[in-house]
Amino acid sequence: MTTALESRVTAEIARRRSELVDLLAVLVGFDTRAPDPHFEPREEAALQAYLADRLGAVGLRVELWEPELTSLPANRYPIPDGYHFHGRPQLLARRAGRGGGRSLLFNGHIDVVSAEPRDLWATDPFRADVRDGRLYGRGACDMKGGVAAMVFATEVLSGLDVPLRGDLIVNTVTDEESTGAGALASVAHGVQAEGGIVPEPTSLTAWLGTRGSLMPEIVVEGRAGHAGFPHEQGAAGGPVNAVEKMQIVLAALQTLREEWRDRADPQHPYLHPGTIVPTSFESGQWIVSYPASATLRCHVQYLPGQADRKGSGNAVMREIEERVQSAARADPWLVAHPPAFTWHGDVPPSFQQPEAPISATTLDAMGSLGLERAIASRTTWFDAATFSRAGTPTIGFGPGAIAAAHAVDEFVPLDELVCAAQVLAVAAMRFCGVEG
């Protein structure tokens, strides 16, 4: 059951539904696609300035800043050489509490993925279109819908002068889709709270954690030669097919992936098992030549229980390398030319137990507003891990389905948008506490 004040807040959000929809439509209209190879900004600064004006207008203390890369904490995130934040500011807004309550962080990313192939969209992806109870547009689901919900919840709480005891912090970041650097920059800037909610598209369920991610690149050598020569004359100095040698690597990875699928992790029953997915392959110099090398890239996701003592993927990296090299030792060519590994990133896993204060409060708010207290099995990474690792226990809850994210004709259901804002507002009241 909700209190009288909570009911007043949720009713106000419902009454102003059209304003919330309009806010999301405006956000979709900003082109905030993830940085191009030259890291040129798009309209991130304009969107952040728009949110800063709105949040400042309802009394929050707002700060915009462009981080320096050197300010980021030590990390192994996939941040490329030459990367910068110029033209892509981060936003921090704080509504000071009355005292005696817990602080709560609302965090969301404003960047979106490419809209290609644009010709398959029914409407312009950067012009919101409302039809059949949904709002369509790039980022509507992932995650401008969530950003709109958390900003609007904050505006309503402020407009009704709800006397929160603890601070309510709103943080919108860039670059989640490409590097995760925006959240890292916020942590370095001092963004911290006693609990956090990231309104990613969870379909109004709770995401209590996420698997970590690794991105290995594996190179296998062959030996070039005319494709008309007899097959596999490597011992006699003839050509060796790098593509076929890479099959040994792929078989070893597939076997390990199947083993991971069967490994139970009682500490993290709400996370899918770890996995190894080959995602990119390059080989060959000429159609009638044996390939002299082959390069395989993979996306690896691992559970918190697979991480080392520092919460990183070192143990997983060793396991993968050892498994591949063990398989390679059965092949004379690979014994002399072992597969070479390069690791291009390691973003950490995290998990908050259902009884943790931020988890329990959010689940209770969901139940009070008629939702099932559902905890979903999380598959992909999100910024909660960065904040949790830095001392802010953080979970996910928001509108829209992850299946619609990154898709053509991306959308968010408007009823979910409104409900998400209501749950976030009630969760804030319960987590921060209300005076009187």
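Here the residue numbering is sequential within each chain, running from 1 through the sequence in written order. For this predicted model, a pLDDT threshold of at least 70 governs which residues receive local features, and a threshold of 80 or more governs which side-chain atom pairs are given and counted, while totals over whole chains, interfaces and linings are taken from all residues. With hydrogens and water stripped out, all remaining heavy atoms of the structure feed into the side-chain values.

Q: Quick question: what am I supposed to make of the overall build of the protein here?
A: A tally of regular secondary structure across the protein gives 11 helices and 17 strands. Its C-alpha radius of gyration of 24 Å places the protein within 12% of the 22 Å reference for a compact globule of 436 residues. In terms of principal-axis extent, the alpha carbons of the protein reach across some 85 × 45 × 45 Å. Considering the protein as a whole, with its 436 residues, one finds that 53% of them fall into the buried category. Contacts are assigned to residue pairs that have any heavy atoms within 4.5 Å of one another. Intrachain contacts of the protein at a sequence separation of at least 6 include 80% that bridge at least 24 residues. Of the roughly 17700 Å² that the protein leaves accessible, carbon and sulfur atoms contribute 51%. For this count, His and the chain ends are skipped, Lys and Arg are scored as positive, and Asp and Glu as negative. To locate a charge, the coordinates of NZ of Lys, CZ of Arg, CG of Asp or CD of Glu are taken. Counting 37 positive and 53 negative side-chain charges, the protein places the centres of these two groups 4 Å from one another. What counts as a helix is a DSSP run of H or I of at least four residues, what counts as a strand is a run of E of at least two, and both are numbered from the N terminus. Our radius of gyration looks at C-alpha atoms and nothing else; its globule reference is 2.2 Å times the residue count to the power 0.38. Whether a residue is buried, partly exposed or exposed follows from its accessible area with a 1.4 Å probe, protein chains only, as a fraction of its type maximum: under 20%, in between, or over 50%, in that order. Note that accessible areas follow from Shrake-Rupley with a 1.4 Å probe, and for residues the cover is restricted to the protein chains shown.

Q: I tried to follow the layout of surface pockets on my own but got confused; where do I start?
A: If a probe the size of a water molecule is rolled over the atoms, the empty space left behind becomes visible. A pocket here means an open set of points on a 1 Å grid, computed over the protein atoms alone, that has protein on both sides within 12 Å along at least five of seven lines. A cavity is instead a set of points where a 1.4 Å probe fits but cannot get out; residues with an atom within 4 Å of a point line either one. Grid points are joined across faces, edges and corners, and a volume is the space filled by probe spheres set on the points. A volume near 490 Å³ is recorded for the largest pocket. Secondary-structure elements contributing two or more residues to the lining of the largest pocket are strand E9 (212-221) and strand E13 (293-302). The space that makes up the second largest pocket amounts to roughly 240 Å³. Lining of the second largest pocket is provided by 14 residues; of these, Ala74, Asn75, Arg76, Tyr77 and Arg389 occupy positions nearest its centre.

Q: How should I be thinking about the sheet that holds strand E17 (residues 411-413) in this particular structure?
A: One key point about sheets: their strands pair by backbone hydrogen bonds, in either a parallel or an antiparallel sense. Only when DSSP finds a minimum of two bridges between them are two strands counted as paired. Taking strand neighbours across the sheet as the criterion, the 3 strands line up as E4-E5-E17 in an open arrangement whose pairing is antiparallel. The sheet is open, and its two borders are formed by strand E4 (129-131) and E17, each paired with just one other strand. Strand-to-strand twist in this sheet, taken as the mean axis angle between neighbours without regard to direction, amounts to 20°. Only the stretch in contact is used when fitting a helix axis, every axis being a line fitted to C-alpha atoms; angles between N-to-C directions are given from 0 to 180 degrees. The sheet strands contacting helix H2 (residues 17-29) are E4, strand E5 (134-136) and E17, and the helix crosses E5 at an angle near 15°. Contacting E4, E5 and E17, helix H11 (residues 414-432) runs over the sheet at an angle of about 65° to E17.

Q: Teacher, can you tell me more about the side chain of Gln48 here?
A: Structurally, Gln48 is set in helix H3 (residues 44-57). On the accessibility criterion, Gln48 (0% relative accessible area) is buried. Excluding residues that lie within four positions of it along the chain, Gln48 makes contacts with Leu64, Pro89, Gln90, Leu91, Ile110, Thr172, Val173 and Thr174.

Q: What is the right way to read the environment of Phe85 from this model?
A: Take Phe85: it is sitting in the loop between strand E1 (61-65) and strand E2 (90-95). Residue classification places Phe85 among the buried positions, given a relative accessible area of 1%. Taking the C-alpha atoms as reference points, Phe85 and Gly182, 97 residues apart in sequence, are found 8.6 Å from one another. Setting aside chain neighbours within four positions, we find Phe85 in contact with Glu66, Pro67, Leu69, Leu72, Gln90, Thr174, Asp175, Ala181, Gly182 and Ala185.

Q: What exactly am I supposed to notice about the pattern of salt bridges here?
A: Salt bridges are defined by distance alone: a side-chain nitrogen of Lys or Arg within 4 Å of a carboxyl oxygen of Asp or Glu. Scanning the entire structure with this criterion turns up 21 salt bridges. Among the salt bridges present, the one from Glu155 reaches Arg54, with a minimum N-O distance of 2.8 Å. Here Glu155 is found in helix H4 (residues 140-159), whereas its partner Arg54 is found in helix H3, with 101 residues between them in sequence. Since its relative accessible area comes to 21%, Arg54 is described here as partly exposed. Asp175 is the salt-bridge partner of Arg88, the closest N and O atoms lying 3.2 Å from each other. Residue Arg88 is found in the loop between E1 and E2, and its partner Asp175 is found in the loop between strand E6 (168-173) and helix H5 (181-188); the two are separated by 87 residues along the sequence.

Q: How do you make sense of the packing of H4 against H11 when you look at a structure like this?
A: The angle between the axes and the distance between the axes are what describe a pair of packed helices. At a minimum axis separation of 8 Å, H4 and H11 run at an interaxial angle of 50°. Classified by the interaxial angle, the pair formed by H4 and H11 is oblique. In the packing of H4 onto H11, the handedness of the crossing is right-handed. On H11, the residues touching Gly145, Ala149, Met150, Ala153 and Leu157 of H4 are Leu417, Ala420, Ala421, Leu424, Ala425, Ala428 and Met429. For this classification, under 35 degrees means roughly parallel, over 145 means roughly antiparallel, 65 to 115 means roughly perpendicular, and everything else is oblique. Crossing chirality is assigned from the near helix's rotation relative to the far helix, an anticlockwise turn below a right angle marking it left-handed and a clockwise turn marking it right-handed.

Q: Which parts of the structure should I look at to understand the environment of Leu24?
A: Relative to the assigned elements, Leu24 resides in helix H2. Accessibility expressed as a relative area gives 0% for Leu24, which makes it buried. Through-space distance from the C-alpha of Leu24 to that of Gly139 is 9.5 Å; in sequence the pair is 115 residues apart. When near neighbours in sequence (up to four residues on either side) are disregarded, Leu24 contacts Leu135, Ala140, Lys144, Gly145, Ala148, Val412 and Leu417.

Q: So what exactly am I meant to see when it comes to the sheet that holds strand E14 (residues 340-347) here?
A: What the 4 strands build is an open sheet, ordered E11-E13-E9-E14; its pairing is antiparallel. The sheet is open, and its two edges are formed by strand E11 (275-283) and E14, each paired on a single side. Averaged over all pairs of adjacent strands, the angle between their axes in this sheet comes to 15°, without regard to strand direction. Sheet topology places E9 next to E14; 6 bridges connect them, and they run antiparallel. Opposite Ser213, over in E14, you have Val347 as the bridge partner. In this fold helix H7 (residues 314-328) packs onto E9, E11, E13 and E14, with an angle of close to 155° to the strand it touches most, E14.

Q: What should I look at first to understand the packing of H2 against H3 in this one?
A: Where H2 meets H3, the closest approach of the two axes is 10 Å, and the angle between their N-to-C directions is 155°. For the element pair H2 / H3, the angle class is roughly antiparallel. When the axes of H2 and H3 are compared, the crossing they make is right-handed. Across the interface between the two elements, Leu23, Val26 and Leu27 of H2 pack against Leu47, Tyr50, Leu51 and Arg54 of H3. Counted by class, the contact of H2 with H3 contains 6 nonpolar, no polar and 1 charged residues. The nonpolar class holds Ala, Val, Leu, Ile, Met, Phe, Trp, Tyr, Cys and Pro. Asp, Glu, Lys and Arg form the charged class, and all remaining residues, Gly among them, are polar.

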